[in-house]
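Examination of the molecular architecture
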Amino acid sequence: MLRDITIGQHFPGNSIVHRMDPRVKLILTLAYIVVLFVGSNPLGLFLSAAFLVLAYRVSQIPFKLITKSLKPILPIVLFTALLNLFFVQGEVLFRLWVFTITREGVYNVAILVVRIICLIAGTSLLTYTTSPILLTDALEQLLRPFAKLHLPVHELAMMMTIALRFIPTLIEETDKIMSAQKARGAELDTGSLSQRLRALVPVLIPLFISAFRRADELAMAMECRCYHGGEGRTRLTVLRVGGQDVGVCVFCTVYFALICVSATLLAFLPV
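Fair warning: this is a prediction, and the values are worked out from it, not measured in the lab.

Details of the packing of aromatic side chains
What the rule picks out here adds up to 5 aromatic pairs. Between Phe 51 and Tyr 255 the ring centres are 5.5 Å apart and the planes differ by 35°, which places this aromatic pair in the tilted class. In this pair, Phe 51 is assigned in helix α3 (residues 42–59) and Tyr 255 in helix α11 (residues 243–268), connecting sequence segments 204 residues apart. Phe 51 gets classed as buried once you look at its relative accessible area, which sits at 14%. Among the residues examined, Tyr 255 registers a relative accessible area of 16% and is labelled buried.

As structure tokens, this is what we get:
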């Protein structure tokens, strides 16, 4: 299960999506999230899913990564889907003891599942096609206007990106610790829930110690290299918005507007 978590991983490539300005990708990702909640009807979600399929095809990212990124949150999705399926009032389709399945419940479950899949896959595409360094620069430049309010923009962007960067590292470290504990006879996958929780203590303690050690080593390395951010810091890669970025923005804006308009029109149609 741990190896299926792909959050924070970057897959280098030379596709159009990889070459886009990271600031543009951040803005389009936020716009896509908004569209997922505005276009909450079947047509809107279908168009949103079609856009996501097109983006993955263009970026040449394998579709199997979508299923890998969804596996860790599958229990939460199933639990939420069951709540919507059995506890939503409406036209009854099936009744068993105290459980009732309604037409509205089935509709809500379908909308919820598709929306979560699109949400996870859409935000994962950003990290798949953008390196942590470029993501840091993009966040810092987008948040730069808030520096006038004495907000530590560079520090916030750096912390967010370092946390994102070390997610795969901590996952790999957790997998190694669990394998080592199993080799010593620890039973992590058997027993009752309370026994499994107690068995996780020998895993969590070394993991926290390793995380603090990595953080201390990273801070010491940055201090030894006289690292300082903010004003006066130069960058190896200067972000520039090119004609390709403008074309993609125009296409996405028209497409997202089409989804929102379709959702608005369907909302006024009689049921």
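Structure's up, so let's keep going.
Overview of the nonpolar core
Counting 26 residues, the largest nonpolar core has Tyr 32, Tyr 56 and Phe 256 as its most contacted members. When residues of this core are traced back to their parent elements, those giving at least two are α2 (22–38), α3, α4 (64–70), α6 (103–129) and α11. The element best represented in this core is α3, accounting for 6 residues. For Phe 256, the residues in contact, after removing those within four places along its chain, are Leu 28, Ala 31, Tyr 32, Val 35 and Phe 51.

Some remarks on the packing of helix α8 (residues 153–183) against helix α10 (residues 201–224)
Direction vectors running N to C along α8 and α10 enclose 140°, while the axes themselves pass 10 Å from each other. By the criterion of interaxial angle, the relationship of α8 to α10 is oblique. The two elements α8 and α10 cross, and the hand of that crossing is right-handed. The residues of α10 that touch α8, namely those facing Ile 162, Phe 166, Thr 169, Leu 170, Glu 173, Thr 174, Ile 177, Met 178 and Gln 181, are Pro 202, Val 203, Pro 206, Leu 207, Ser 210, Ala 211, Arg 214 and Leu 218. Its residues placed into classes, the contact of α8 with α10 shows 11 nonpolar, 4 polar and 2 charged.

A closer look at the packing of α2 against α6
The geometry of α2 relative to α6 is characterised by a closest axis approach of 10 Å and an angle of 180° between their N-to-C directions. What the angle tells us is that α2 and α6 run roughly antiparallel. Together, Lys 25, Leu 26, Thr 29, Tyr 32, Ile 33, Leu 36 and Phe 37 of α2 and Arg 115, Cys 118, Leu 119, Gly 122, Thr 123, Leu 126 and Thr 129 of α6 make up the contact between the two elements.

Rules used throughout
Residues numbered from 1 in each chain as written. Predicted model: local features only at pLDDT ≥ 70, side-chain atom pairs only at ≥ 80, totals over all residues. Heavy atoms only, no water. Phe/Tyr/Trp six-rings, centres within 6.5 Å; stacked < 30°, edge-to-face > 60°. Helix = DSSP H or I, 4+ residues; strand = E, 2+ residues; numbered from the N terminus. Buried < 20%, exposed > 50% of the residue type's maximum accessible area, 1.4 Å probe, protein only. Core = buried A, V, L, I, M, F, W, Y, C linked by side-chain atoms within 4.5 Å. Contact = heavy atoms within 4.5 Å. Axes fitted to C-alpha atoms, helices over the stretch in contact; angles between N-to-C directions. Parallel < 35°, antiparallel > 145°, perpendicular 65-115°, else oblique. Left-handed = near helix turned anticlockwise from the far one by under 90°. Nonpolar A, V, L, I, M, F, W, Y, C, P; charged D, E, K, R; others polar.

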